[in-house]
Amino acid sequence: MPTLKKQVKISGVGIHSGLPVNIVVKPSEKNGIFMKRVDMTGTDLIPATYDNVGETKMRNTTIGKMNAAHVQTIEHLMAALFMVGVDSAIVEIDGAETPILDGSASEFIKAFNAVGVTDGDLKRIVVKQEVIVYAKDVLKELPKFVRFKIWVMNKLMGRKSDGFVKLSPNDGKSLDVSATLVYSEKIIGKQSFSYSYDGTKKSINDFVKNIARARTFGKYSEWEYLKKRGMGRGANEGNVIALNDAGDGTLNKLIWPDEFVRHKIIDAIGDMFTSGGIICGKLESYKGSHALNNLVLKKLFSDAKNYDIVTKK
Ligand SMILES: [Zn+2]
């Protein structure tokens, strides 16, 4: 049950609320990552687990219930905890959203590495049978009017709901992620990226060097729309890649031309860590989303034949 050697305080603003927020990530003897809303009295610890994910519609992952104590946009923080190898911690937070920082996982990883991590291995969840979920499965769970709205939007924008996320067996020793994005915006187009995590320094360094700094992205023209609806208020050119209206350029400088799909790997890693361990298997994400990542874990754990849990190497 590896945890942090000391507590870490990180401050910033929430990407949707734009409000200042502080988190204190504390060492814990209790296994699991838990969030605690210290700005709300009488609330329990909120387990950051796949079966406690409340909402994935706002292009982020939220744990807890939206009408009660919850924490939004946990995925970059979760990816960072995974990468430093912490599976036990209590995250005290004085707002409803984690700080967006630079829109990536990089700052979290740096802060955790600065204090160090106690010894121990993460448990391994070995995929034994293929599990696949489709964008259509996500749509099925939504109310009819929302489905209709999405259908109209897709028609107008020429988008197809043909995404899927698949978990399948590999040698059982690594998490092999491959992600593909398909966008009509020319600057993104079709991009693919692969990353393999096997717990070695080499694979962790590979993530830190080539993936961790990749930022989230959005259309600049959507910002005003979102801001009016109380979303994206903390978004700025320091933490979100802003696509121009023509979709053929960005307002801020890209770190890599395929920074978009590299960011998807962060999201996938963070979402997979709501399993509580290392998902050992192949994760294929085609036009994936937080909703699909969550659904594939629910499906994996719905049948004991799909996986094995190995607590020791
Ligand atoms: Zn993200």
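Residues numbered from 1 in each chain as written. Predicted model: local features only at pLDDT ≥ 70, side-chain atom pairs only at ≥ 80, totals over all residues. Heavy atoms only, no water.

Draft legend 1. Molecular detail of the overall build of the chain. Each helix and strand counted, the chain has eight helices and 17 strands in total. The globule rule puts the C-alpha radius of gyration for 313 residues at 20 Å, and the 18 Å found for the chain is close to it. By principal-axis analysis of the C-alpha atoms, the chain measures approximately 50 × 45 × 40 Å. Within the chain, the proportion of its 313 residues that are buried is 52%. A separation threshold of at least 6 residues defines the contact pool for the chain, and within that pool the share at least 24 residues apart is 73%. Total accessible area computed for the chain in this model is approximately 14900 Å², and 52% of it derives from carbon and sulfur atoms. (Helix = DSSP H or I, 4+ residues; strand = E, 2+ residues; numbered from the N terminus. Rg over C-alpha atoms; globule rule 2.2 N^0.38 Å. Buried < 20%, exposed > 50% of the residue type's maximum accessible area, 1.4 Å probe, protein only. Contact = heavy atoms within 4.5 Å. Areas by Shrake-Rupley, 256 points an atom, 1.4 Å probe, with all protein chains shown as cover.)

Draft legend 2. Spotlight on the sheet that holds strand β7 (residues 70–71). The three strands are arranged β5-β6-β7 in an open sheet whose pairing can be described as antiparallel. At either margin of the open sheet sits one strand with a lone partner, and together these are β5 (53–55) and β7. Pairing between strand β6 (residues 62–64) and β7: two bridges, direction antiparallel. By the bridge assignment for β7, Ile-63 is matched with Val-71. (Pairing = 2+ DSSP bridges.)

Draft legend 3. The coordination of the zinc ion, seen in detail. Surrounding the zinc ion are the protein donor atoms His-76 (NE2), His-263 (NE2) and Asp-267 (OD), which sit 2.1 Å from the metal. Sequence positions of the donors to the zinc ion reduce to the motif H-x186-H-x3-D. In this pair, His-263 and Asp-267 are both assigned in helix α7 (residues 259–272), four residues apart and thus about one turn of the helix distant. Of the two residues, His-263 and Asp-267, neither departs from the other in class, the shared state being buried. (Donors = N, O, S within 2.8 Å, 3.2 Å for Na, K, Ca; no water.)

Draft legend 4. The domain arrangement of the chain, seen in detail. Domains assigned within the chain are domain 1 (8–115) and domain 2 (124–215 + 255–310). Each of domain 1 and domain 2 has a C-alpha centre, and the two are 20 Å apart. Opposite the 26 residues of domain 1 that make contact, domain 2 presents 28 residues. Carbon and sulfur atoms make up 73% of the surface buried where domain 1 meets domain 2, a total of about 2100 Å² over both sides. Of all residues in domain 1, the largest losses of buried area upon contact with domain 2 belong to Tyr-50, Phe-82 and Met-83, amounting jointly to 39% of the total for that side. Along the contact surface separating domain 1 from domain 2 lie zero salt bridges. On the surface where domain 1 and domain 2 come into contact, there are 10 residue pairs in polar contact (both at pLDDT 80 or more). At the level of elements, α1 (75–84) and α2 (106–115) are the ones that each hand at least two residues to the side of domain 1 that touches domain 2. Grouping the amino acids of the side of domain 1 that touches domain 2 by side-chain chemistry returns 13 nonpolar, eight polar and five charged. (Domains from an automatic or database assignment. Buried area = accessible area lost by both parts, 1.4 Å probe. Salt bridge = Lys/Arg side-chain N within 4 Å of Asp/Glu carboxyl O. Polar contact = N/O pair within 3.5 Å; in protein donor to acceptor, adjacent residues only side chain to side chain. Nonpolar A, V, L, I, M, F, W, Y, C, P; charged D, E, K, R; others polar.)

Draft legend 5. View of the packing of α1 against α2. At a minimum axis distance of 8 Å, the contact between α1 and α2 shows a crossing angle of 40°. Comparing the axis directions of α1 and α2 gives the class oblique. Judged by the twist between their axes, the crossing of α1 over α2 is right-handed. Of the residues in α2, those in contact with His-76, Leu-77, Ala-80, Leu-81, Met-83 and Val-84 of α1 are Phe-108, Ile-109, Phe-112 and Asn-113. For the contact of α1 with α2, the per-class residue count stands at eight nonpolar, two polar and no charged. (Axes fitted to C-alpha atoms, helices over the stretch in contact; angles between N-to-C directions. Parallel < 35°, antiparallel > 145°, perpendicular 65-115°, else oblique. Left-handed = near helix turned anticlockwise from the far one by under 90°.)

Draft legend 6. Inspection of the sheet that holds strand β3 (residues 32–37) at higher detail. Read across the sheet, five strands follow the order β1-β2-β8-β3-β4 without closing on themselves; strand pairing throughout is mixed. In the strand order of this sheet, the two ends are held by β1 (8–13) and β4 (46–47), each with one partner. Bridge analysis of β1 against strand β2 (residues 20–27) gives six bridges, and the strand direction is antiparallel. Directly across from Ser-11, in β2, lies its bridge partner Asn-22. On the sheet, α1 packs against β2, β3 and β8 (88–93) and is oriented at approximately 140° with respect to β3. Sheet strands touched by α2: β1 and β2. Its angle to β1, the strand with the most contacts, is close to 165°.

Draft legend 7. Just the packing of aromatic side chains, in detail. Summed over all chains, the structure comprises nine aromatic pairs. Note on Phe-82 and Tyr-197: the rings are 4.6 Å apart at their centroids and 50° apart in plane angle, and the pair reads as tilted. With Phe-82 in helix α1 and Tyr-197 in strand β13 (residues 190–197), this pair connects stretches of sequence that are 115 residues apart. The two residues Phe-82 and Tyr-197 agree in class, both being buried. Where Phe-82 meets Phe-273, the ring centres are 5.2 Å apart and the plane angle is 65°; that geometry is what we call edge-to-face. (Phe/Tyr/Trp six-rings, centres within 6.5 Å; stacked < 30°, edge-to-face > 60°.)

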